[in-house]
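Residue strings, one per chain:
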Amino acid sequence: MALQQVVEQIVTGLGYDLVEIERSAGGLLRITIDLSWVQPAADAPAPLLDQFVTVEDCEKVTRQLQFALEVDGVEYKRLEVSSPGIDRPLRHEQDFVRFAGSVIDITLKAPIGAAASGQVNATRKKFRGTLERAEAGGWQIVWSEEPAVKPGAKVSKKRVPAPLQALGFSLDEIRDARLAPIVDFKGRAGKAGPAAPA
């Protein structure tokens, strides 16, 4: 059985989502897991966002994987099971559905080019903004070029905010997408309003 299948079977069987499998130098096999997520029904209450993978979760998955990988003869020198962290990668459609409304960083496979219509630099590939469903289907990120306000600075009520910009994209146009590592030191990470670009 292929490594992806073995790992996914164990991880999902224990009630977690498989985020990523990575082989590194020195025989390191790194498995990233997250708490299992199912899209809630329209009338269901909003899910709790402050639940995280614990050390105990990682230990439980590690024990099961060590046994399964040995049985299947998978070669590795060291196994590491971890949570995805605050800059969790977004790989599948379900990830985008799950984190809609969050601030994300995306890198396009190709520069935006003529599609920018002069709104942003045509050679730009990296963007940071709030992930939303696009009206025409698919996904978009929305951001403002507004400079960040320095802590303690007063903002005039007469100041006109910079307009919001949006970039629509399909998953096959993305080289990398992940939650923006934003921490507000009030116990929440990754959730914020429109942000300045990366």
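Structure: above.
Remember, predicted model here, so these are calculated numbers, not experimental data. (Residues numbered from 1 in each chain as written. Predicted model: local features only at pLDDT ≥ 70, side-chain atom pairs only at ≥ 80, totals over all residues. Heavy atoms only, no water.)

### Comments concerning helix H1 (residues 3-13)
Then comes step 1: The complete set of buried residues in H1 reads Leu3, Val6, Val7, Ile10 and Val11. Viewed end-on, H1 has its buried residues packed into an arc of 115°, placing them on one side of the element.
Then comes step 2: Against strand E1 (16-24), strand E2 (28-35) and helix H2 (55-71) lie the buried residues of H1.
Then comes step 3: Where H1 terminates, the next one or two residues include glycine 15, which has phi positive at roughly 95°. (Buried < 20%, exposed > 50% of the residue type's maximum accessible area, 1.4 Å probe, protein only. Helix = DSSP H or I, 4+ residues; strand = E, 2+ residues; numbered from the N terminus. Arc of directions from axis to C-beta. Contact = heavy atoms within 4.5 Å.)

### Examining the pairing of E1
Then comes step 1: Sheet topology places E1 next to E2; 8 bridges connect them, and they run antiparallel. The residue of E2 that forms the bridge with serine 24 is leucine 28.
Then comes step 2: In this structure, the hairpin formed by E1 and E2 is closed by a connection of 3 residues, where glycine 26 is found at a positive phi of approximately 80°. (Pairing = 2+ DSSP bridges.)

### Description of the sheet that holds strand E5 (residues 126-133)
Then comes step 1: Taken together, the 5 strands give an open sheet; going across it, the order is E7-E6-E5-E4-E8, and neighbouring strands pair in antiparallel fashion. Sheet topology places strand E7 (164-169) and strand E8 (174-179) at the edges, where each strand pairs with a single neighbour. With direction set aside, neighbouring strand axes in the sheet form an average angle of 40°. (Axes fitted to C-alpha atoms, helices over the stretch in contact; angles between N-to-C directions.)

### Observations concerning the packing of H1 against H2
Then comes step 1: The interhelical angle for the contact between H1 and H2, taken along N-to-C directions, is 140°, at an axis separation of 10 Å. Judged by the inter-axis angle, H1 sits oblique to H2. Both H1 and H2 take part in a crossing whose hand is right-handed. Every residue of H2 that contacts H1 at Leu3, Val6, Val7, Ile10 and Val11 is listed here: Val61, Gln64, Leu65, Ala68 and Leu69.
Then comes step 2: Of the residues that constitute the contact of H1 with H2, the class distribution is 9 nonpolar, 1 polar and no charged. (Parallel < 35°, antiparallel > 145°, perpendicular 65-115°, else oblique. Left-handed = near helix turned anticlockwise from the far one by under 90°. Nonpolar A, V, L, I, M, F, W, Y, C, P; charged D, E, K, R; others polar.)

### Let's talk about the packing of aromatic side chains
Then comes step 1: The tally for this structure, following the rule as stated, stands at 3 aromatic pairs.
Then comes step 2: With a centroid separation of 6.0 Å and 40° between ring planes, the pair formed by phenylalanine 96 and tryptophan 139 is classed as tilted. Highlighted residues: phenylalanine 96 in helix H3 (residues 93-98) and tryptophan 139 in strand E6 (residues 139-144), separated in sequence by 43 residues. Note on accessibility: phenylalanine 96 and tryptophan 139 belong to one class, buried.
Then comes step 3: What links up through ring pairs into an aromatic cluster is the set Phe96, Trp139 and Phe169. (Phe/Tyr/Trp six-rings, centres within 6.5 Å; stacked < 30°, edge-to-face > 60°.)

### Here we look at the sheet that holds E1
Then comes step 1: Sheet architecture is open: 3 strands sit in the order E1-E2-E3, paired in mixed fashion. Bordering the open sheet on either side are E1 and strand E3 (78-82), each of which pairs with just one other strand. Going across the sheet, the axis of each strand differs from the next one's by a mean of 20°, ignoring polarity.
Then comes step 2: Contacts from H1 reach E1 and E2, with the element oriented near 145° to E1.
Then comes step 3: Across the sheet, H2 lies against E1, E2 and E3, angled at about 145° from E3, the strand it touches most.

### Observations regarding the nonpolar core
Then comes step 1: Residues Val7, Val11, Ile31, Ile33, Leu65, Leu69 and Val81 are the most contacted members of the largest nonpolar core, which totals 20 residues.
Then comes step 2: Those elements giving two or more residues to this core turn out to be H1, E1, E2, H2 and E3.
Then comes step 3: Once you skip the residues sitting within four places of it in the chain, leucine 69 turns out to touch Leu3, Val6, Val7, Leu29, Val74, Tyr76 and Leu79.
Then comes step 4: In terms of nonpolar packing, the next biggest core, distinct from the first, is built from 18 residues, Leu108, Phe127, Leu131 and Trp143 among them. (Core = buried A, V, L, I, M, F, W, Y, C linked by side-chain atoms within 4.5 Å.)

### Notes on H2
Then comes step 1: When the terminal C-alpha atoms of H2 are compared, their 25 Å separation across 17 residues agrees well with the 24 Å that a helix rising 1.5 Å per residue should span.
Then comes step 2: Considered for burial, the residues of H2 that qualify are Asp57, Cys58, Val61, Thr62, Leu65, Ala68 and Leu69. All buried residues of H2 lie within an arc of 145° about the axis, which places them on one face of the element. Residues of H2 that are exposed and point more than 90 degrees away from the buried face comprise Glu56, Arg63, Phe67, Glu70 and Val71.
Then comes step 3: Where H2 is buried, its residues meet H1, E1, E2 and E3. (Expected span 1.5 Å × (residues − 1).)

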